[in-house]
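A structural walkthrough
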Amino acid sequence: DAGVTQSPTHLIKTRGQQVTLRCSPISGHKSVSWYQQVLGQGPQFIFQYYEKEERGRGNFPDRFSARQFPNYSSELNVNALLLGDSALYLCASSLVVEGELFFGEGSRLTVL
Amino acid sequence: QQPVQSPQAVILREGEDAVINCSSSKALYSVHWYRQKHGEAPVFLMILLKGGEQKGHDKISASFNEKKQQSSLYLTASQLSYSGTYFCGTENSSNTGKLIFGQGTTLQVKP
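It should be emphasised that the depicted structure is a prediction, and the values quoted were computed from it without experimental measurement.

Parameters and conventions
- Residues numbered from 1 in each chain as written.
- Chains lettered and ligands numbered in written order.
- Predicted model: local features only at pLDDT ≥ 70, side-chain atom pairs only at ≥ 80, totals over all residues.
- Heavy atoms only, no water.
- Helix = DSSP H or I, 4+ residues; strand = E, 2+ residues; numbered from the N terminus.
- Rg over C-alpha atoms; globule rule 2.2 N^0.38 Å.
- Contact = heavy atoms within 4.5 Å.
- Areas by Shrake-Rupley, 256 points an atom, 1.4 Å probe, with all protein chains shown as cover.
- Pairing = 2+ DSSP bridges.
- Axes fitted to C-alpha atoms, helices over the stretch in contact; angles between N-to-C directions.
- Buried < 20%, exposed > 50% of the residue type's maximum accessible area, 1.4 Å probe, protein only.
- Salt bridge = Lys/Arg side-chain N within 4 Å of Asp/Glu carboxyl O.
- Disulfide = S-S within 2.5 Å.

1. Some thoughts on the overall build of chain A
Within chain A one finds zero helices and eleven strands. Its C-alpha atoms give chain A a radius of gyration of 13 Å, near enough to 13 Å, the size a compact globule of 112 residues would have. Counting only C-alpha atoms, chain A reaches 40 × 25 × 25 Å along its principal axes. Within chain A, counting contacts between residues at least 6 apart in sequence, those at least 24 apart form 53% of the total. Carbon and sulfur atoms provide 50% of the accessible area of chain A, an area that totals close to 5,300 Å².

If you want it as structure tokens, here you go:
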């Protein structure tokens, strides 16, 4: 079975630009979560979606937004990029809201 | 609000044991443990739920002290493959799916 897939794997943007990251969950998983991981730190919660509804939001500015589609895939959008947005963005899927998380390999974003 | 992990780093020889601790300042509903190897995604190890339910791998055990708001991960007879960074993730209430991860504990197992 395919695991969680994310795209793109790497991308470079400049300050002020916008980025869209994509995530396909494991088949049958209805919950998708997004985390930001800065080098040397633990993942930081951004959003969780379950059955296409936002279930939770972390302490991130409104420049961060996300959505979940009817096929349970998800997109994370970040507007007006700042240098500090450079990080590994991890998507995780789970069967239920509070189940074990299955992480994708991540999208590494570099903002110049 | 971020849980505190200790120690920050540990070096072991194969076959030795290790304990990694995770402590929260808030009441906990559940504790998750994940291992991340360099350049890879975090991998699930264990969930401990309020009330004593556990779900995880056979060779790794953990405890959850709800009163002390602490969890410990026990790695016995360590193998080279145990090397990596271990994160605890805490959930403060049920059905939120919002995990707050600690800063990580780096474990290196040497032959």
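Additional details are given in the paragraphs that follow.
2. What to know about the sheet that holds strand E3 (residues 18–23) of chain B
Residues and elements named next belong to chain B. Taken in spatial order, the four strands of this open sheet run E1-E3-E8-E7, and their pairing is antiparallel. The strands lining the two open edges of the sheet, one partner per strand, are strand E1 (4–6) and strand E7 (60–65). Each adjacent strand pair in this sheet contributes to an overall mean axis angle of 15°, direction not counted. Relative to strand E8 (residues 70–75), E3 runs antiparallel, the two being bridged by six bridges. Bridge pairing links Ala-18 to Leu-75 in E8.

3. Considerations on the environment of Ile11(B)
Residues and elements named next belong to chain B. With respect to the helices, strands and loops of the structure, Ile-11 is situated in strand E2 (residues 9–13). Given a relative accessible area of 57%, Ile-11 falls into the exposed group. Between the alpha carbons of Ile-11 and Leu-107 there is a distance of 5.9 Å; along the sequence they are 96 residues apart. When residues no more than four places from it in sequence are discounted, the contact partners of Ile-11 are Gln-108 and Lys-110.

4. Quick look at the pattern of salt bridges
All names here are of chain A. On inspection of all chains with the given rule, the structure shows five salt bridges over all chains. Ionic pairing is found between Lys-30 and Glu-51, a salt bridge with its closest N-O pair at 3.3 Å. On the criterion of sequence distance, the pair formed by Lys-30 in the loop between strand E3 (19–24) and strand E4 (31–37) and Glu-51 in the loop between strand E5 (44–50) and strand E6 (53–57) is long-range, its members being 21 residues apart. According to the relative accessible area criterion, Glu-51 is partly exposed, its value standing at 29%. Between Asp-85 and Arg-63 there is a salt bridge, with the nearest N and O atoms lying 2.8 Å from each other. Within this pair, whereas Asp-85 is found in the loop between strand E8 (74–78) and strand E9 (87–94), its partner Arg-63 is found in the loop between E6 and strand E7 (64–68), the two being separated by 22 residues in sequence. Accessibility assignment for this pair places Asp-85 and Arg-63 in one class, buried. One salt-bridge network, held together by shared partners, links Arg-22, Arg-67 and Glu-75.

5. Quick look at the state of the cysteines
Across all of its chains, the model carries two disulfides over all chains by this definition. Through a disulfide, Cys23(A) is tied to Cys91(A); the S-S separation comes to 1.8 Å. Between Cys23(A) and Cys91(A) the disulfide shows an S-S torsion of about -65°. By sign, it is left-handed. Placement of the pair is Cys23(A) in strand E3 and Cys91(A) in strand E9, with a sequence separation of 68 residues. For the pair shown, Cys23(A) and Cys91(A) are each scored as buried. In this model, Cys22(B) is linked to Cys88(B) through a disulfide, with the two sulfur atoms separated by 2.1 Å. Handedness here is read from the sign of the S-S torsion; for Cys22(B) and Cys88(B), about 70°, the answer is right-handed. A residue pair is termed long-range when its members are at least 10 positions apart, and Cys22(B) in strand E3 and Cys88(B) in strand E9 (residues 84–91) qualify at 66 residues.

6. Some remarks on the sheet that holds E7(A)
Residue and element names in this part refer to chain A. Reading across from one edge, E1-E3-E8-E7 is the order of the four strands in this open sheet, with antiparallel pairing throughout. Where the open sheet ends on each side, the last strands, each with one partner, are strand E1 (5–7) and E7. Across the sheet, the axes of successive neighbouring strands diverge by a mean angle of 15°, strand direction being ignored. Sheet analysis places E1 next to E3, joined by three bridges and oriented antiparallel. Residue Gln-6 lies in a different strand from E3, and its bridge partner there is Cys-23.

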